[in-house]
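# Descriptive structure summary
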Amino acid sequence: MPTSSCQRRHLLGLPLAALLPQARSADLPPTLRLPDPEAFSTHGSFFIGVLKLALAKTADGEPAPMLVRAAADLPRERLRQMLQDGQLDLLWSTTTPEREARAIPVRFNLFKGMNELRFLLVRAKDLSALRHLRTLDALRRLRAGAGTFWSDTQILRANGFAVETTTKFESLFRMLRAGRFDFIPRTREEIDAELALHAGQGFAELPGLALQYRQPLYYFVSPDKPQVAERLQRGLALAAADGSFDALFMANPGLKAALARMRGYTGLRLQLRALEGLER
């Protein structure tokens, strides 16, 4: 039966969770294949907890799929390719237009914007020369260092920064020390941990300044599992509405502290444009 204009207006006014097909657990595969949580990212247990919460919110009394972990030593780009090829069912990641083209994004920001600020890890000996930098134009005269496949790399380049890259994370610190570039953009948690890990090696945080850019972190689902994406989208919407997602987030001490420090940051925030082609 054709949909009337009145019905169309009504549908457009409904929340996304109400428009998605009401898939049942029987529509899901008996197992969900995903990266090894702790090897793939920090806070891996949090992402597994949120995944289980979203599935439980829409379980309708039926058992949840078994979660099967991939090998811990698989590189991230290999895991992304496995997701695109249907050899993996889901993973979690910051988003880029390319990643959204290769897999189904579940557009719910799992980090609540906690990762929007990037603090600058620099050589300690350069601090006196860098303290006067207070504008984006001044910062663009420096070279950034980042991972080859980081979404940060694309964002920085889109905003006019020169970026030196490497596929090996630990190489970034050697390259910074050797003068290959001038700073590495890091989240609050990352820069605190890395300054402690590399204490006495000549690194420091450039104080009183941070880059800010929108960088949502989503679940991504294999293209051949749209029912999983629909189920997660509905479950996350329900968890946000009833407060259970916030409760789970705030129960993680590291995430709670990082969010508070991001919101309470009083230094200069230099705003960068988000990547074009991303749905807000």
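Residue numbers restart at each chain and count upward from 1, following the sequence in its written direction. At least 70 in pLDDT is required for a residue's local features to be given in this predicted model, at least 80 for side-chain atom pairs to be given and counted, and no such filter applies to totals for whole chains, interfaces and linings, which use all residues. Remark: hydrogens and water are excluded; side-chain values derive from all non-hydrogen atoms of the structure.

The next point concerns the side chain of Arg 186. The topology assignment puts Arg 186 in strand S8 (residues 184-186). Residues are treated as being in contact if the distance between any of their heavy atoms lies within 4.5 Å. Among all residues touching Arg 186, those that are not within four sequence positions of it are Leu 117, Arg 118, Phe 119, Leu 121, Trp 150, Phe 169, Ile 191 and Glu 194. Strands are runs of DSSP state E lasting at least 2 residues, helices are runs of H or I lasting at least 4, and numbering of each runs from the N terminus.

What follows covers the sheet that holds strand S9 (residues 203-212). Should DSSP find at least two bridges between two strands, the strands are regarded as paired. Pairing is mixed in the open sheet, where four strands are placed in the order S8-S5-S9-S11. Two strands in the sheet have a free side with no partner beyond their single neighbour: S8 and strand S11 (268-271). Direction aside, the axes of adjacent strands within the sheet are offset by 40° on average. The pairing of strand S5 (residues 117-123) with S8 spans three bridges and is antiparallel. The partner of Phe 119 across the bridge, within S8, is Arg 186. For every element, the axis is a line fit to its C-alpha atoms; helices are fit only across the contacting stretch, and the angle between N-to-C directions ranges from 0 to 180 degrees. In the packing of helix H11 (residues 188-197) onto the sheet, the strands contacted are S5, S8 and S9, and the crossing angle to S5 comes to about 25°.

For salt bridges, the criterion is a side-chain nitrogen of Lys or Arg within 4 Å of an Asp or Glu carboxyl oxygen. Under the counting rule described, the total for this entry stands at 20 salt bridges. A salt bridge links Arg 261 to Asp 192, with the nearest nitrogen and oxygen atoms 2.8 Å apart. Taken together, the residues Arg 261 in helix H14 (residues 253-263) and Asp 192 in helix H11 connect sequence positions 69 residues apart. Think of it in three bands: with a 1.4 Å probe and only protein chains considered, a residue is buried below 20% of the maximum accessible area for its type, exposed above 50%, and partly exposed in between. Residue Arg 261 is classed as partly exposed on the basis of its relative accessible area, which comes to 44%. Lys 225 is paired through a salt bridge with Asp 224; the nearest N and O atoms lie 3.5 Å apart. Asp 224 gets classed as partly exposed once you look at its relative accessible area, which sits at 45%.

Judged from the five bridges that link them, strand S6 (residues 143-147) and strand S7 (residues 162-166) form a sheet pairing that is parallel. Counterpart to Arg 143 in the pairing with S7 is Ala 162. Handedness of the crossover joining S6 and S7 through helix H9 (residues 151-158): right-handed. By convention, a crossover is right-handed whenever its connection, traced from the first strand over the helix to the second and viewed with the strands pointing away, goes clockwise.

With that settled, consider the packing of helix H4 (residues 44-57) against helix H12 (residues 226-242). Helix packing geometry: the angle between the two helix axes and the distance between the axes. It is at 7 Å that the axes of H4 and H12 come closest, and there the two elements cross at 95°. One finds that H4 runs roughly perpendicular with respect to H12. For the pair H4 and H12, the contacting residues are Val 50, Leu 51, Leu 53, Ala 54, Leu 55 and Lys 57 in the first and Arg 231, Leu 232, Gly 235, Leu 236, Leu 238, Ala 239 and Asp 242 in the second. Angular relationships are summarised with four words: roughly parallel below 35 degrees, roughly antiparallel beyond 145, roughly perpendicular across 65 to 115, and oblique for the angles in between.

Grouped burial of nonpolar side chains is what soluble globular proteins tend to show. Judged by nonpolar contacts, the single largest core of 55 residues is most densely connected at Leu 90, Trp 92, Leu 110, Tyr 219 and Leu 232. By residue number, the principal contributor to this core is H4, which donates eight residues. Once residues lying within four places of it in the same chain are set aside, the contact partners of Tyr 219 are Phe 47, Val 50, Leu 51, Leu 90, Leu 91, Trp 92, Ile 104, Pro 105, Val 106, Leu 110, Leu 232 and Leu 236. Leu 130, Leu 156, Phe 161 and Leu 270 belong to the second largest nonpolar core, which has 24 residues in total. The set of buried Ala, Val, Leu, Ile, Met, Phe, Trp, Tyr and Cys residues whose side-chain atoms join them within 4.5 Å is what this entry labels a nonpolar core.

The rule is short: rings of Phe, Tyr and Trp, with Trp giving its six-membered ring, pair when the centres are within 6.5 Å, and they are stacked under 30 degrees, edge-to-face over 60, tilted in between. Summed over the entire model, instances satisfying the criterion amount to 14 aromatic pairs. Taken together, a centroid distance of 5.5 Å and an interplanar angle of 90° make the contact between Phe 40 and Trp 92 edge-to-face. In this pair, Phe 40 sits in helix H3 (residues 37-40) while Trp 92 sits in strand S3 (residues 90-94), placing the two residues 52 residues apart along the sequence. Since its relative accessible area comes to 2%, Trp 92 is described here as buried. Relative to Phe 220, the ring of Tyr 218 has its centre 6.3 Å away and its plane inclined at 45°; by these criteria the two rings are tilted. With respect to burial, Tyr 218 and Phe 220 carry one shared label: buried. Aromatic rings pair up to connect Phe 40, Phe 46, Phe 47, Trp 92, Phe 108, Phe 111, Phe 245 and Phe 249 into one cluster. Whether a charge lies above a ring is judged from NZ of Lys or CZ of Arg, which has to be within 6 Å of the ring centre and within 35 degrees of the ring normal. The positively charged end of Lys 112 is found above the aromatic ring belonging to Phe 249, 5.7 Å away from the centroid.

Here we take up the packing of H11 against H14. Here H11 crosses H14 at 110°, and the two axes come no closer than 9 Å. Judged on the interaxial angle alone, H14 and H11 are roughly perpendicular. Mapping the contact onto sequence places Arg 188, Glu 189 and Asp 192 in H11 and Gly 254, Leu 255, Ala 258 and Arg 261 in H14. For the contact of H11 with H14, a count of residues per class yields two nonpolar, one polar and four charged. Polar here means any residue other than Ala, Val, Leu, Ile, Met, Phe, Trp, Tyr, Cys and Pro, which are nonpolar, and Asp, Glu, Lys and Arg, which are charged; Gly is therefore polar.

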